[in-house]
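One-letter residues, chain by chain:
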Amino acid sequence: MPDRPRTPPALPDFTAHGAPGPDGVDDSAWMDVIHKMDEVYSQLVADEVALEEKNAQLEQSQQFIFSLLTAMSDVLVACNSAGEIEETNAALCELTGRSDAALRGAPVTSLMADEAGVARIRHAMGTPALQRGGTVIEVELRDAAGQPVPVDFNCTPRLDATGRRVGLVFVGRPMGELKRAYHQLREAHEALKRTQQQLLHSEKMASLGRLVAGVAHELNNPISFVLGNVHALQRYTERLRRYLGEIHAGTPVDSLAPMRRQLRIDHLLADLPSLMEGTLEGAQRTADIVQGLKRFSAADRGERGAVALNEVVEQAIHWVRKGTAPSFDVRWSPGPDATAQGSAGQLLQVMLNLIQNAWDAASSSGATPPTLWITGTLDGATARLTFRDNGPGIADEHLGRLFDPFFTTKPVGKGTGLGLSISYGIVEQHGGRLLAGNGLDGGAEFVVELPAT
């Protein structure tokens, strides 16, 4: 507001105090008039100053509101009861590619990209008891390029000073970026699951590789036995063929007796049952070993069932002893027969890993002999297996990182640091716990707790 001159009005000139004026009024009356005029003028000046201060405050408030609307990343639309846009913000103008002047007065439904969004907006405007805290509606706005953009609008009623609804306020956030981020997150999660399965399988194959020598020895015995028996059967077959040939040729019985003794037919016939029995036993033993290897090396497909824990521990001890630790002194004290619900192959991997780690720790420390104590107990509905070795134990600074992926105290090339991490995950998936610490008498101590069925 421009400044106006603040010079007081001209006063009558009195030449003598108390002399009457031209109209017969004495000077005291004129002085009262002058004082009143001074008071009115002072009040006018004060009102003008207050008005200027309020104008400045109003401008500051308008500038503050404008800066808030400009800074908002969410789009804002305020419309009257007829659905005509009265206020917008920079985010909406940028999204739609339309200026604020072009948006004001336009119907809010003109922002929608499809009829479904128009119907939702009209339903919200036609709902008299709209929630004061806001109602969320999902619509699609048409962007500057004419493409639909998903937006979640929070719709709230706008009230006047008397509390009467005079319009609606829509505040929403474009969900395109969020949905793309969610899609990328889901793809990353799927890739992580695939990587985890690959790591699990790799660790299983690494454990299998450590047992190859023992497996070869384990297979060699029954196969050699079968091969020896088959060679003997081949020789026996040749003798029987010669003897039967003479019989079919009509050789007299008296002449067959010397040949029968020479070919040892009676001994051959007596030996055949044991040869066949031994061959079948060796073949069955080979088949059992191969089947066990297939169960262990095959990728886990999630098959679950009742698993006898004592049998899993005994199988793991057998494989480690036949493999890398033939001189390992494993003292197994089985508890009551306990059954857990889960994957036998995965639980076998956990036991193999714990026994193999105990051998590595005890043998590298020079313990004589390397020894592992395994104790099974059943405490109510919890089956507990304790593995304690006579190695150097676990350093205090390593206890907190023992189950971290890729953490290992073994030399380079001797371990991947995944065995305990994967074992921990397997036990957790079976509803149990894998604990680590040091035994009272020294050495490392691992405890596997599983719910027993």
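So, how was this worked out
- Residues numbered from 1 in each chain as written.
- Predicted model: local features only at pLDDT ≥ 70, side-chain atom pairs only at ≥ 80, totals over all residues.
- Heavy atoms only, no water.
- Helix = DSSP H or I, 4+ residues; strand = E, 2+ residues; numbered from the N terminus.
- Buried < 20%, exposed > 50% of the residue type's maximum accessible area, 1.4 Å probe, protein only.
- Polar contact = N/O pair within 3.5 Å; in protein donor to acceptor, adjacent residues only side chain to side chain.
- Contact = heavy atoms within 4.5 Å.
- Core = buried A, V, L, I, M, F, W, Y, C linked by side-chain atoms within 4.5 Å.
- Pairing = 2+ DSSP bridges.
- Axes fitted to C-alpha atoms, helices over the stretch in contact; angles between N-to-C directions.
- Parallel < 35°, antiparallel > 145°, perpendicular 65-115°, else oblique.
- Left-handed = near helix turned anticlockwise from the far one by under 90°.
- Nonpolar A, V, L, I, M, F, W, Y, C, P; charged D, E, K, R; others polar.

Turning to the side chain of Asn80, a few remarks are in order. Locating Asn80 in the fold gives a position in strand S1 (residues 75-80). Taking the relative accessible area as the measure of exposure, Asn80 reaches 14% and is therefore buried. A polar contact of 3.0 Å, which involves the side chain of Asn80, links it to the backbone nitrogen of Ala82. Within polar-contact distance, the side chain of Asn80 engages the backbone nitrogen of Glu84 at 2.9 Å. Contacts of Asn80, omitting those with residues within four sequence positions, involve Glu86, Met125, Arg158, Val166 and Gly167.

Turning to unusual backbone geometry, a few remarks are in order. One non-glycine residue, Arg264, lies in the positive phi region at around 55°. Its location among the elements puts Arg264 in the loop between helix H7 (253-263) and helix H8 (265-297). Given the relative accessible area of 45%, Arg264 is considered partly exposed.

On to the nonpolar core. Ranked by size, the top nonpolar core spans 39 residues in total, and within it Ile355, Ile374 and Phe387 carry the most contacts. If you list the elements that add at least two residues to this core, you get helix H9 (309-322), strand S7 (329-333), helix H10 (344-364), strand S9 (371-379), strand S10 (382-389), helix H12 (419-429) and strand S12 (444-451). Counting residues per element, this core draws most heavily on H10, at 9 residues. Beyond its immediate stretch of four places on either side in the chain, Ile355 contacts Ala316, Ile317, Val320, Phe328, Leu372, Ile374 and Phe387. Residues Val118, Ile137, Cys155 and Leu168 belong to the second largest nonpolar core, which totals 25 residues.

The next thing to look at is the pairing of S1. Counting buried positions over the 6 residues of S1 gives 6, a clear majority of the element. The side-chain alternation of S1 yields two buried faces, one formed by Val75, Val77 and Cys79 and the other by Leu76, Ala78 and Asn80. When S1 meets strand S5 (residues 165-174), the two strands line up antiparallel, connected through 6 bridges. If you follow Val75 over to S5, its bridge partner there is Gly172. Where S1 lies against strand S2 (residues 85-88), 3 bridges are found, and the strand directions are antiparallel. When the sheet's bridge partners are listed, Val77 is paired in S2 with Thr88. With antiparallel pairing between neighbouring strands as the criterion, S1 and S2 make up a hairpin whose turn holds 4 residues, including Gly83 at a positive phi of roughly 85°.

Two elements in contact, H10 and H12, have axes whose closest approach is 9 Å; the angle formed by their N-to-C orientations is 140°. The angle between the axes of H10 and H12 places the two elements in the oblique class. Note that H10 runs across H12; the crossing there is left-handed. Facing Gln346, Gln349, Val350, Asn353, Leu354 and Asn357 of H10, the residues of H12 in contact are Gly419, Leu420, Ile422, Ser423, Ile426, Val427 and Gln429. Here the residues of the contact of H10 with H12 are counted per class, giving 6 nonpolar, 7 polar and no charged.

What follows covers the sheet that holds S12. Here we have 5 strands laid out as an open sheet, ordered S7-S9-S10-S12-S11, and mixed in their pairing. Looking along the sheet, the strands with just one partner apiece sit at the ends: S7 and strand S11 (433-438). Mean inter-strand twist for the sheet, computed between neighbouring axes without regard to direction, equals 15°. Inspection of the sheet shows S11 paired to S12 by 6 bridges, in the antiparallel sense. Residue pairing across strands places Asn438 opposite Ala444, the latter belonging to S12. This element, H10, spans S9, S10, S11 and S12 of the sheet and lies at about 20° to S10. Here H12 sits on the sheet in contact with S11 and S12, set at roughly 135° to S11.

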